[in-house]
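Observations on the model geometry
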Amino acid sequence: MRWSVAVLIGLLASLGALPAAAQRFETLEVQASTTRNVNRNFLHTEWQQGFGLDGSVTTPFYLGYLEAGGSFHRYRVAAPVTVPGFDALHLFAGWGLRGDVGRLRLEGGLRLGNYRMTFDESTFAGVRTESELALSGRARVAVRVAGPVSVYVAGDYLKVYTFLRLKLWYASAGLSYRLATPGWMKAFLR
């Protein structure tokens with residue numbers, strides 16, 4: 001599992017500044033990025049990947065952080081039309097470790113979710129959707145540029161449990177914004 005090495009490096013690097021239990025749910029960090037599938041495998045003989053969108057919300061939680069979010073990708077037909085194009089929606093919940101060193105933040109974590117593919121019915125009749133379990137690992141490096149705003153790059157390894165396993169690598173770049181958690185939400189989360 002090569003992806004586990006990236007996650008392990010991120011986890012170990014972030015051990016230096018773990019949040020205390022008293023800090024849980026104190027802040028929310030909203031992240032939005034553009035992302036692209038960067039590897040090639042059997043999937044890419046029929047489909048070509050484009051840019052996608054990824055978004056999540058994280059909050060400190062004891063020895064790490066919790067997150068929830070999703071990503072969207074469009075896969076167009078790469079060869080003469082023998083298969084339908086599809087949209088992929090990955091919804092996930094995750095946990096990881098992070099550490100701050102000055103303006104730099106290192107993160108590594110795991111995500112568990114659902115990968116839903118919606119096929120182009122206008123091209124082909126048949127199965128319209130497929131929904132499968134997905135597990136991913138993520139490493140992220142962020143630099144705070146102004147107050148609560150950071151820019152970041154991230155790498156993800158996603159494994160989708162279809163009959164033929166989808167193993168996808170993603171590279172992302174985006175912005176994040178950290179804010180204090182509203183009191184009503186903090187009370188609900190605790």
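Residues numbered from 1 in each chain as written. Predicted model: local features only at pLDDT ≥ 70, side-chain atom pairs only at ≥ 80, totals over all residues. Heavy atoms only, no water.

Scanning the chain for helices and strands turns up two helices and nine strands. From first element to last, N terminus to C terminus, the chain shows the α and β order α-β-β-β-β-β-β-β-β-β-α. Here the chain, with 190 residues, has 39% of them falling under the buried criterion. Of the roughly 9,900 Å² of accessible surface on the chain, 67% is carried by carbon and sulfur atoms. (Helix = DSSP H or I, 4+ residues; strand = E, 2+ residues; numbered from the N terminus. Buried < 20%, exposed > 50% of the residue type's maximum accessible area, 1.4 Å probe, protein only. Areas by Shrake-Rupley, 256 points an atom, 1.4 Å probe, with all protein chains shown as cover.)

So, about the environment of Tyr157. By the secondary structure assignment, Tyr157 is in strand 8 (residues 149-160). When the C-alpha atoms of Tyr157 and Ala171 are compared, they prove to be 9.2 Å apart, with 14 residues separating the residues in sequence.

To continue, consider the environment of Asn41. Within the element layout of this structure, Asn41 appears in the loop between strand 1 (27-37) and strand 2 (47-49). Looking at Asn41, the relative accessible area reads 21%, which means it is partly exposed. C-alpha of Asn41 to C-alpha of Leu166: the two residues are 125 residues apart in sequence and 8.6 Å apart in space. Not counting residues within four places of it along the chain, the set of residues in contact with Asn41 comprises Lys167 and Leu168. There is a polar contact of 2.8 Å between the side chain of Asn41 and the backbone oxygen of Lys167. (Contact = heavy atoms within 4.5 Å. Polar contact = N/O pair within 3.5 Å; in protein donor to acceptor, adjacent residues only side chain to side chain.)

A word on the confidence of the model for the chain. Looking at the chain as a whole, the pLDDT averages 84, with 85% of positions reaching at least 70. Looking at the elements of the chain, mean pLDDT is at its lowest for helix 1 (residues 2-13), recorded as 52, and at its highest for strand 8, recorded as 96. Throughout residues 15-20 the model reports pLDDT below 50, and contacts reaching past four residues in sequence, or to other chains, amount to twelve contacts. (pLDDT = per-residue confidence, 0-100.)

Using the criterion set out here, one finds 13 salt bridges in the structure. Put simply, Asp120 and Arg74 hold a salt bridge, and the shortest N to O gap is 3.4 Å. With Asp120 in the loop between strand 6 (104-119) and strand 7 (129-146) and Arg74 in strand 4 (residues 64-77), this residue pair connects regions lying 46 residues apart in the sequence. Its relative accessible area of 25% is what places Asp120 among the partly exposed residues. The exposure class of Arg74 is buried, given its relative accessible area of 18%. Arg140 is paired through a salt bridge with Glu107; the nearest N and O atoms lie 2.9 Å apart. Remark: Glu107 occurs in strand 6 and Arg140 occurs in strand 7; sequence separation between them is 33 residues. Accessibility classification places Arg140 together with Glu107 in one group, the buried group. Each of Glu29, Arg98, Asp100, Arg105, Glu107 and Arg140 takes part in one network of salt bridges that share partners. (Salt bridge = Lys/Arg side-chain N within 4 Å of Asp/Glu carboxyl O.)

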